[in-house]
Amino acid sequence: MTKEEQLQTMLREVKHGLSLPQKVLPSKFFYDEKGSQLFDQITELEEYYPTRMERTILDDHVDEIGDYLGEQVLLIELGSGSSDKTRILLSNLDNISTYIPVDISGEYLFKVGEMLQHEYPQIKIIPLQADYMQSFELPEINDTDRKVVFFPGSTIGNFRRETVNRFLSVVADIAGPDGGFLIGVDLKKEIPVMEAAYNDKKGVTAAFNRNMLHHLNQSLDSNFDPDAFKHKAIWNENVGRIEMHLFSLKDQKARVDGEVISFKKGESIHTENSHKYTLQGFQEIVAPWFTVKKVWTDDNNWFSLQYLETR
């Protein structure tokens, strides 16, 4: 997909989402270069347990994880960002021959890819700019290597159920027969712990949320006023998820491609979901495409890293 086609797709999705009774914007639009940097800061926050727990699991079990992945591995990471947690695998496993980080934020992706190639000269690093929720082609690679898709961070929790099903089907096609899928899955726990993770005291998550509007302004020549919106994340018990919203602080209007979008004071844009799972519930969701072979959790059972294989 060309850059112009990406922008047209972005424009269609933005205009459609903001025309709904509950205004919504896809969470993938968080990730311009600034958004990627802000998210990296979020992962270091005291309140944000998922990254800390997942790193601990990777560190504690990396050798066993390597045994499950296979003898010669082509590792494909979706939504790679800074590839920070992936470095634990790249630094400790000698069975990874090729690493393909896939991300929508191209400028940031290629900077990270260049650094990784210097850090790991023995591994072929092939950055790929793509929206992994859309069809994309992998570069020409060694077909004899076993494909393993890596999807850390419990990003799957951002997807609605119908999107989860489509995503799992795409991943199964990428991994192919006898392919692997290493995925981080956040688990249900006490509500105050979950809400605090998305409403940090330093306001980094608030800046991350509002930065989406900066991103739209720069990409689509829209004129949102990010400072006229307030960030808040809340737990929705009915659907088992944290929801992030941007609440309008006043009656206001914004222009998108010549179209005027009106906001009433207190009206929100729903920008992200973060569903939390039980181990049994997640196993049932993936069952049409994958078999869960191994689950690792932290001492509190707050977070899980799961290894799956295609059926």
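Given the structure is predicted, the values throughout are model-derived calculations rather than measurements.

Visitor: Would you take a moment to explain the pattern of salt bridges for this structure?
Guide: For side chains of opposite charge, pairing can occur when their charged atoms come near one another. All chains considered together, the criterion is met by 17 salt bridges. A salt bridge links D186 to K276; the nearest nitrogen and oxygen atoms lie 2.7 Å apart. One end of the pair, D186, is in strand β7 (residues 180-186); the other, K276, is in the loop between β12 (268-275) and α9 (279-286), with 90 residues separating them in the sequence. Ionic contacts of the salt-bridge type, sharing partners, join the residues E13, K28 and D131 into one network.

Visitor: Explain the layout of surface pockets to me, please; I cannot follow it from the model alone.
Guide: Rolled over the atoms, a probe sized like a water molecule indicates the empty space that remains. Its boundaries defined by the atoms lining it, the second largest pocket holds a volume of some 780 Å³. Broken down by secondary-structure element, the contributors of at least two residues to the lining of the second largest pocket are α1 (3-17), α2 (33-42), α5 (106-119) and α8 (204-220). The dominant element in the lining of the second largest pocket, judged by the number of residues it contributes, is α1, at six residues. Here the lining of the second largest pocket is built from residues that sort into eight nonpolar, 10 polar and nine charged.

Visitor: Sorry if this is basic, but what is going on with the packing of aromatic side chains here?
Guide: Pairs of aromatic rings are described using the distance from one ring centre to the other and the angle between the two planes. Taken as a whole and assessed by the stated rule, the structure comprises 19 aromatic pairs. Through a chain of ring-to-ring contacts, the aromatic side chains of F30, Y31, F39, Y48, Y198 and F208 assemble into a single cluster. When the ring centre of F263 is taken as origin, the NZ or CZ atom of K23, which lies over that ring, is 5.2 Å away.

Visitor: Looking at this model, I keep getting lost on unusual backbone geometry. Mind explaining?
Guide: Residues other than glycine predominantly adopt negative phi, and peptide bonds predominantly adopt the trans conformation. In the Ramachandran plot, S83 falls in the positive-phi region, its phi being about 60 degrees despite a non-glycine side chain. Within the element layout of this structure, S83 appears in the loop between β2 (73-78) and α4 (86-92). With a phi angle near 55 degrees, S154 is a residue other than glycine that sits in the positive phi range. Within the fold, S154 resides in the loop between β6 (146-151) and α6 (161-175). Assessed through its relative accessible area of 4%, S154 is described here as buried.

Visitor: Just to check I follow, could you spell out the side chain of R146 for this structure?
Guide: With respect to the secondary-structure elements, R146 resides in strand β6. Judged by relative accessible area, R146 falls into the buried class, the value being 15%. From its side chain, R146 meets the backbone oxygen of D178 in a polar contact 2.7 Å long. Those residues in contact with R146 that sit more than four places away from it in its chain are Y68, L69, G70, Q72, V73, L74, D178, G179, G180, Y307 and E309.

Visitor: Looking at this structure, how should I read the pairing of strand β10 (residues 252-256)?
Guide: For a regular strand, side chains alternate in direction, first toward one face of the sheet and then toward the other. The two faces of β10 differ: Q252, A254 and V256 on one face are buried, but K253 and R255 on the other face are not. Pairing of β10 with strand β11 (residues 259-263) involves five bridges; the strand directions are antiparallel. Bridge pairing in β11 links R255 to V260. Counting the residues in the hairpin turn of β10 and β11 gives two residues, including D257, whose phi is positive at 55 degrees.

Rules used throughout
Residues numbered from 1 in each chain as written. Predicted model: local features only at pLDDT ≥ 70, side-chain atom pairs only at ≥ 80, totals over all residues. Heavy atoms only, no water. Salt bridge = Lys/Arg side-chain N within 4 Å of Asp/Glu carboxyl O. Helix = DSSP H or I, 4+ residues; strand = E, 2+ residues; numbered from the N terminus. 1 Å grid on protein atoms, 1.4 Å probe; cavity = no way out; pocket = protein on both sides within 12 Å on 5 of 7 lines; lining within 4 Å. Points joined across faces, edges and corners; volume = space filled by probe spheres on them. Nonpolar A, V, L, I, M, F, W, Y, C, P; charged D, E, K, R; others polar. Phe/Tyr/Trp six-rings, centres within 6.5 Å; stacked < 30°, edge-to-face > 60°. Lys NZ or Arg CZ within 6 Å of the ring centre and 35° of its normal. Buried < 20%, exposed > 50% of the residue type's maximum accessible area, 1.4 Å probe, protein only. Polar contact = N/O pair within 3.5 Å; in protein donor to acceptor, adjacent residues only side chain to side chain. Contact = heavy atoms within 4.5 Å. Pairing = 2+ DSSP bridges.

By themselves these figures say nothing about function.
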